[in-house]
Amino acid sequence: MYLVSNELSLAILGFLFERQMHGYELKNRLLALSGHRRPISDGALYPAIARLREKGLVLCQEERGLVAAPRHMLTLTLPGREELMARLRSPKDVEITDQTRFFTLLTFLSVLPDRADQVEVLRRRLDFLETPASFFYDSGKPVRAEEEQDPFRRGMLLVARATGTAEKEWLRATIEELSLPQ
């Protein structure tokens, strides 16, 4: 999973919501989320942090180290918390339709205090997944796995179907659970 700029800023805000941390620790958390295939470079991370600081969403304070050099501790500000909540409540369409971006959103969705807001995000994803789609089209019609002659393309379609089926089942169950009275 490769974190693009907007997605990276969401992940930074989300992890800093959990607790303050220094840049190295934050980078390790982001790497764990994005996986080893596409590591986050310092050239992407630190400019993203700087942009969030310029907007007043993240505060950076120097903390003295006991043995090592001072560390720069990053803290989410009140406007940063508000920005995180707003982005989680009203994600962009691409954050719903792109699986990688949706997973980043899903990582932090539990911080929304209102279950109805969580359900609305999950419903948007479910609605998207229930819309017929394919990687391949013939005369404007989605090609189904059973119609595909190429074994590799058929494999893509079968894996996507299985993944989509599992995700839709999870979404329906979670929406139902979150919709129950507390």
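Quick note: structure is the one above.
Structure report, in brief. Computed from a predicted model, the values in this text were never measured in an experiment. (Residues numbered from 1 in each chain as written. Predicted model: local features only at pLDDT ≥ 70, side-chain atom pairs only at ≥ 80, totals over all residues. Heavy atoms only, no water.)

## Looking at helix α3 (residues 42-54)
Under the 1.5 Å per step criterion, the end-to-end length of α3 is 18 Å for 13 residues, consistent within 8% with the ideal 18 Å. The inward-facing, buried residues of α3 abut α1 (5-18), α2 (23-34), β2 (58-63) and β3 (71-76). (Helix = DSSP H or I, 4+ residues; strand = E, 2+ residues; numbered from the N terminus. Expected span 1.5 Å × (residues − 1). Contact = heavy atoms within 4.5 Å.)

## Things to note about the sheet that holds strand β1 (residues 21-22)
Ordered in space as β1-β3-β2, the three strands form an open sheet in which the pairing is antiparallel. The sheet is open, and its two edges are formed by β1 and β2, each paired on a single side. With two bridges joining them, β1 and β3 adopt antiparallel strand pairing. Note on β3: the bridge partner recorded for Met21 is Leu74. In this fold α1 packs onto β1, β2 and β3, with an angle of close to 95° to the strand it touches most, β3. (Pairing = 2+ DSSP bridges. Axes fitted to C-alpha atoms, helices over the stretch in contact; angles between N-to-C directions.)

## Here's the deal with the nonpolar core
Of all hydrophobic cores here, the largest spans 37 residues; its most connected members are Ile12, Leu26, Leu30 and Leu88. Of all elements in the fold, only α1, α2, α3, β3, α4 (78-89), α6 (99-108), α7 (115-129) and α8 (151-179) reach the threshold of two or more residues within this core. Excluding its chain neighbours within four sequence positions, the residues that come into contact with Leu26 are Ile12, Phe15, Met21, Leu45, Ile49 and Leu74. (Core = buried A, V, L, I, M, F, W, Y, C linked by side-chain atoms within 4.5 Å. Buried < 20%, exposed > 50% of the residue type's maximum accessible area, 1.4 Å probe, protein only.)

## What to know about the environment of Ala145
Relative to the elements of secondary structure, Ala145 occurs in the loop between β5 (141-142) and α8. On a C-alpha basis, the gap between Ala145 and Thr97 in space is 21 Å, while along the polypeptide they are 48 residues apart. Filtering out sequence-adjacent residues up to four positions away, Ala145 remains in contact with Arg154, Leu157, Leu158 and Arg161.

## Quick word on the packing of aromatic side chains
In total, this model carries two aromatic pairs according to the counting rule given. Look at Phe135 and Phe136: their rings are 6.2 Å apart centre to centre, the planes differ by 55°, and that puts the pair in the tilted class. (Phe/Tyr/Trp six-rings, centres within 6.5 Å; stacked < 30°, edge-to-face > 60°.)

## Considering unusual backbone geometry
In this structure, Ser139 takes a positive phi of about 55° despite not being glycine. With respect to the helices, strands and loops of the structure, Ser139 is situated in the loop between β4 (137-138) and β5.

## Some words on the pairing of β3
Relative to β3, β2 runs antiparallel, the two sharing six bridges. Within β3, the residue paired with Leu59 across the bridge is Thr75.

## Details of the environment of Arg51
Secondary-structure assignment places Arg51 in helix α3. Looking at Arg51, the relative accessible area reads 39%, which means it is partly exposed. With 34 residues separating them in the primary sequence, Arg51 and Met85 have C-alpha atoms 18 Å apart.

## Focus: the pattern of salt bridges
Applying the stated criterion across every chain, the model contains ten salt bridges. Measuring nitrogen to oxygen at the nearest pair gives 2.7 Å for the salt bridge that ties Arg29 to Glu18. Here Arg29 is found in helix α2, whereas its partner Glu18 is found in helix α1, with eleven residues between them in sequence. For Arg29, a relative accessible area of 23% translates into the label partly exposed. Judged by its relative accessible area of 42%, Glu18 falls in the partly exposed class. Here Arg172 makes a salt bridge to Glu130, at a shortest N to O gap of 2.6 Å. Linking Arg172 in helix α8 with Glu130 in the loop between α7 and β4, this pair joins segments that are 42 residues apart in sequence. (Salt bridge = Lys/Arg side-chain N within 4 Å of Asp/Glu carboxyl O.)

Function cannot be read off these values alone, since they describe shape.
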